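Analysis of the macromolecular model
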Amino acid sequence: MHKPVYVLEERLLRRNLQLISEVAEKADVEIILAFKAFALWKTFPIFREYIKATTASSLYEARLAFEEFGTKAHTFSPAYTDYEIDHIARCSSHITFNSLSQYQRYGERVKDASPGISIGLRVNPQYSEVGTALYNPCAPGTRFGVTSDLLPARLPEDIEGFHCHCHCESGADVFERTLKHIEGHFSPWFRQLKWMNFGGGHLMTRNDYDIPRLIGMLQAFHSRYPWLKVILEPGSAFAWQTGFLKAHVVDVVEDHGISTAILNVSFTCHMPDCLEMPYQPEVRGAVALPMEAADHPKEGYVYRLGGNSCLAGDFMGAWQFDHPLKVGEEVIFEDMIHYTTVKTNMFNGITHPDLALLHEDGTLEMLREFEYEDYRMRMD
């Protein structure tokens, strides 16, 4: 039995990057990588073959863009702080403020720290089709963005762009409906701007995504507002279905007729979005069943899959296998690179999966192997 490992497949990553690059060229927009979904910096040489910039949401992400990707970041944060704002500005080509009060507090300061920086303002069109409240940035009471009724008729001269993020793994049809609300609320200010950032959540690498529809929308937007540079900053789209998490069965236990295969990985530590969203990931060689199916399995080999932390809810289910699971057997979770490698934690001191890159020639390069010292240093 080996340690668990996340495996990123270069062939699949390049497939996504090529598609994104073609969309950007045909639609005449800039598409940049959002670190909040993917930040494996040892793969940045591959990314730089296809894209020129990245987006950050914190000082450390901005530093990663500047120091490891090699370009200044497009940065947005819900709130900047006195002790970080100057450093963030020096690492950023664009900086977006979440509120007018933040702009008033730090606008002059960022220009002093980084002459030539482009300043933007996040706006809220009060419309989003994101179904999960945890991920809906436009839900009532949101802390994100300025509504149109709070904007002055004349923006400050140094505000050059609007940033609007309303999506989460959404299709082109959702963007089309949302765009009507964005224009309806904010087009009166477009003449005062140089750029428009439509944020992330545009899942253009998903198989059923309507690419021609997206390109057509963006081209039409250009025709209406030719002076505006358009930016998209998806995260999931870049790493969508580019790799897997390989785990192993450590034990099989049963209670009240429910069989649980306990693994050497943890949902709460290594696949947190599964519990937060929640969603049931695809398992190679197994059929996903309704969650309650584990409680009353009717046929076949049905298991919950359980993590190895002490959190009682560190499990999901159910999956049906074509054979009984045995200790030492591999269990592979598909599509486990985006919003996973950036969100893992070391709760309970659980052994962290290693990170690997499967090259196109079939060789496996270990990018990072985690040890006890990685856990101990977090407690220093």
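Scroll up for the structure.
These remarks concern the structure in this document. (Residues numbered from 1 in each chain as written. Predicted model: local features only at pLDDT ≥ 70, side-chain atom pairs only at ≥ 80, totals over all residues. Heavy atoms only, no water.)

Turning next to the state of the cysteines. Evaluated as defined, the whole model comprises 0 disulfides. Cys310 forms no disulfide, and the closest cysteine sulfur to it belongs to Cys269, at a distance of 8.9 Å. Owing to a relative accessible area of 58%, Cys310 belongs among the exposed residues under this scheme. (Disulfide = S-S within 2.5 Å. Buried < 20%, exposed > 50% of the residue type's maximum accessible area, 1.4 Å probe, protein only.)

Volume-wise, the second largest pocket comes out at about 800 Å³. The element that contributes the greatest number of residues to the lining of the second largest pocket is helix H3 (residues 59–69), accounting for 4 residues. Tallied by class, residues from the lining of the second largest pocket come to 11 nonpolar, 3 polar and 6 charged. (1 Å grid on protein atoms, 1.4 Å probe; cavity = no way out; pocket = protein on both sides within 12 Å on 5 of 7 lines; lining within 4 Å. Points joined across faces, edges and corners; volume = space filled by probe spheres on them. Helix = DSSP H or I, 4+ residues; strand = E, 2+ residues; numbered from the N terminus. Nonpolar A, V, L, I, M, F, W, Y, C, P; charged D, E, K, R; others polar.)

Among all positions of H3, only Leu59, Glu61, Ala62, Leu64, Ala65 and Phe69 are buried. Gly70 sits one or two residues past H3 and shows a positive phi near 95°.

Another point: the packing of aromatic side chains. What the rule picks out here adds up to 18 aromatic pairs. Each ring, one from Phe186 and one from Trp189, has its centre 6.4 Å from the other, and the planes form 50°; the classification is tilted. On the accessibility criterion, Phe186 (0% relative accessible area) is buried. Judged by centre distance (5.9 Å) and plane angle (90°), the rings of Tyr225 and Trp227 are edge-to-face. Site record: aromatic cluster; members linked through ring pairs are Phe35, Phe38, Phe44, Phe47, Phe69 and Phe238. For Arg48, the ring lying beneath its charged end belongs to Phe69, and the centroid distance is 5.8 Å. The ring of Phe244 has Arg284 sitting right over it, with the charged end atom 4.9 Å from the ring centre. (Phe/Tyr/Trp six-rings, centres within 6.5 Å; stacked < 30°, edge-to-face > 60°. Lys NZ or Arg CZ within 6 Å of the ring centre and 35° of its normal.)

Looking now at the packing of helix H1 (residues 10–27) against helix H7 (residues 211–224). It is at 9 Å that the axes of H1 and H7 come closest, and there the two elements cross at 35°. Along this stretch, H1 crosses H7, giving a crossing that reads as right-handed. Here Leu19, Val23, Lys26 and Ala27 of H1 lie close against H7, whose contacting residues are Ile211, Leu214, Ile215, Leu218, Gln219 and His222. (Axes fitted to C-alpha atoms, helices over the stretch in contact; angles between N-to-C directions. Left-handed = near helix turned anticlockwise from the far one by under 90°. Contact = heavy atoms within 4.5 Å.)

Bridge analysis of strand E12 (residues 258–263) against strand E14 (residues 301–306) gives 3 bridges, and the strand direction is parallel. Residue pairing in the sheet places Ala261 in a bridge with Leu305 of E14. Bridging between E14 and strand E15 (residues 315–321) involves 6 bridges; their strand directions are antiparallel. Counterpart to Arg304 in the pairing with E15 is Gly317. (Pairing = 2+ DSSP bridges.)

All told, the structure shown has 23 salt bridges when counted by the stated rule. The partner of Glu183 in a salt bridge is Arg224, and the shortest N-O contact between them spans 2.7 Å. Residue Glu183 is found in helix H6 (residues 172–186), and its partner Arg224 is found in helix H7; the two are separated by 41 residues along the sequence. Its relative accessible area of 14% is what places Glu183 among the buried residues. Residue Arg224 is classed as partly exposed on the basis of its relative accessible area, which comes to 39%. The closest approach of N and O atoms between Asp273 and Lys343, which form a salt bridge, is 2.6 Å. Of this pair, Asp273 sits in helix H10 (residues 272–276) while Lys343 sits in the loop between strand E16 (330–334) and strand E17 (354–358); the two residues are 70 residues apart in sequence, bridging distant segments of the chain. For Lys343, a relative accessible area of 27% puts it in the partly exposed group. Through salt bridges with shared partners, a single network forms among Glu10, Arg14, Glu49 and Glu360. (Salt bridge = Lys/Arg side-chain N within 4 Å of Asp/Glu carboxyl O.)

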